[in-house]
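Take a look at the letters that make up each chain.
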Amino acid sequence: MLPGSGFNNLTAVALTTVATLASAAGAPLPSQSAFFLSRSENRNQVHYALSLDEACRPVGTRPVQVYWRMLERGPSEVEELLGVEQPVYGLEDSQWVEATAEGWRVRVSLKAFPSRPIDITTARVDGKCQVQAWTKLGNSVSQLEHVFVKTSWPFSVDFVRLDGVGPDGQPVHELIRK
């Protein structure tokens, strides 16, 4: 459970992306990727990014955006999710935004796993915005490094694997079979 979070029965996990942010005063910064998902089909990735302002505050009532990084076409190619992809990779409609003692927290849930909420936090650390996502991963608080989806033809999922680093610095893995 996150200290002071008030979330019952939530084993927390960290997935961290630290980014250096620069912005004109008052202008929202580009979205900062909090975590991503890859599939066995190709190198493309689904990113879950938090839109921040210059003070590392989430921007708007739905600050977490989901998009494709189309790495098969090039490192800077991005696309929105298609409507048919929303049930698998999209987010539930609600995004709960809250100020914390350390910064901000946004709670989201993937449509494919609505019972496993993800808390994305942001705070200023050493003059930079630090973005972390927290969710259940096994029985420990862990930093999530990768979500991998093993698909099979034509349209099924064999398993989802969460790879991360536990509080002791050791690798942790959770395999979810649908």
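### Remarks on the overall build of the chain
Part 1 of the reasoning: Counting its secondary structure elements, the chain contains one helix and twelve strands.
Part 2 of the reasoning: Ordered by position in the sequence, the α and β elements of the chain form the string β-β-β-β-β-α-β-β-β-β-β-β-β.
Part 3 of the reasoning: In the chain, of all internal contacts separated by at least 6 residues, the share reaching a separation of at least 24 is 44%.
Part 4 of the reasoning: When the accessible surface of the chain is totalled, it reaches about 9600 Å², and 53% of it is carbon and sulfur.

### Details of unusual backbone geometry
Part 1 of the reasoning: The phi torsion at Cys 56 lies on the positive side, around 70°, for a residue other than glycine.
Part 2 of the reasoning: With respect to the helices, strands and loops of the structure, Cys 56 is situated in the loop between β3 (45–50) and β4 (64–69).
Part 3 of the reasoning: Phi at Asp 126 is positive, roughly 55°, even though this residue is not glycine.
Part 4 of the reasoning: By the element assignment, Asp 126 lies in the loop between β8 (118–125) and β9 (128–134).

### Looking at the environment of Thr 151
Part 1 of the reasoning: As for its position among the elements, Thr 151 is in strand β10 (residues 143–152).
Part 2 of the reasoning: Along the primary structure Thr 151 and Arg 39 are separated by 112 residues, whereas in three dimensions their C-alpha atoms are 6.9 Å apart.
Part 3 of the reasoning: Setting aside its immediate chain neighbours within four residues, Thr 151 contacts Ser 40, Glu 41, Ser 156, Val 157 and Asp 158.
Part 4 of the reasoning: Within polar-contact distance, the side chain of Thr 151 engages the side chain of Glu 41 at 3.2 Å.

### Here's the deal with the sheet that holds strand β2 (residues 32–39)
Part 1 of the reasoning: The seven strands lie next to each other as β5-β4-β3-β2-β10-β11-β12, forming an open sheet whose pairing is mixed. Only two strands of the sheet have a single partner each, and these edge strands are β5 (78–80) and β12 (171–176). Sheet twist, expressed as the mean angle between neighbouring strand axes with direction ignored, is 25°.
Part 2 of the reasoning: In this sheet, β10 lies alongside β2 in parallel orientation, the contact comprising three bridges.

### Some remarks on the side chain of Asn 44
Part 1 of the reasoning: Within the fold, Asn 44 resides in the loop between β2 and β3.
Part 2 of the reasoning: Residue class for Asn 44 comes out buried when judged on its relative accessible area of 7%.
Part 3 of the reasoning: In this structure the side chain of Asn 44 is engaged in a polar contact, spanning 2.9 Å, whose partner is the backbone nitrogen of Glu 72.
Part 4 of the reasoning: Ignoring any residue separated from it by four or fewer positions in sequence, one finds Asn 44 in contact with Leu 37, Ser 38, Arg 39, Trp 68, Arg 69, Met 70, Leu 71 and Glu 72.

### Quick notes on the nonpolar core
Part 1 of the reasoning: Counting 32 residues, the largest nonpolar core has Val 46, Tyr 48, Val 64 and Ile 120 as the members making the most contacts within it.
Part 2 of the reasoning: Setting aside its immediate chain neighbours within four residues, Tyr 48 contacts Gln 32, Ser 33, Ala 34, Phe 35, Leu 37, Val 64, Gln 65, Val 66, Tyr 89, Leu 91 and Leu 110.

### Some words on the state of the cysteines
Part 1 of the reasoning: Using the criterion set out here, one finds one disulfide in the structure.
Part 2 of the reasoning: Across the disulfide from Cys 56 sits Cys 129; the S-S distance is 1.8 Å. In this structure the cystine formed by Cys 56 and Cys 129 twists about its S-S bond by roughly -95°; its chirality is therefore left-handed. With a gap of 73 residues between them, Cys 56 in the loop between β3 and β4 and Cys 129 in strand β9 connect regions that are remote in the sequence. For the pair Cys 56 and Cys 129, one class covers both residues: buried.

Conventions we followed
- Residues numbered from 1 in each chain as written.
- Predicted model: local features only at pLDDT ≥ 70, side-chain atom pairs only at ≥ 80, totals over all residues.
- Heavy atoms only, no water.
- Helix = DSSP H or I, 4+ residues; strand = E, 2+ residues; numbered from the N terminus.
- Contact = heavy atoms within 4.5 Å.
- Areas by Shrake-Rupley, 256 points an atom, 1.4 Å probe, with all protein chains shown as cover.
- Polar contact = N/O pair within 3.5 Å; in protein donor to acceptor, adjacent residues only side chain to side chain.
- Pairing = 2+ DSSP bridges.
- Axes fitted to C-alpha atoms, helices over the stretch in contact; angles between N-to-C directions.
- Buried < 20%, exposed > 50% of the residue type's maximum accessible area, 1.4 Å probe, protein only.
- Core = buried A, V, L, I, M, F, W, Y, C linked by side-chain atoms within 4.5 Å.
- Disulfide = S-S within 2.5 Å.

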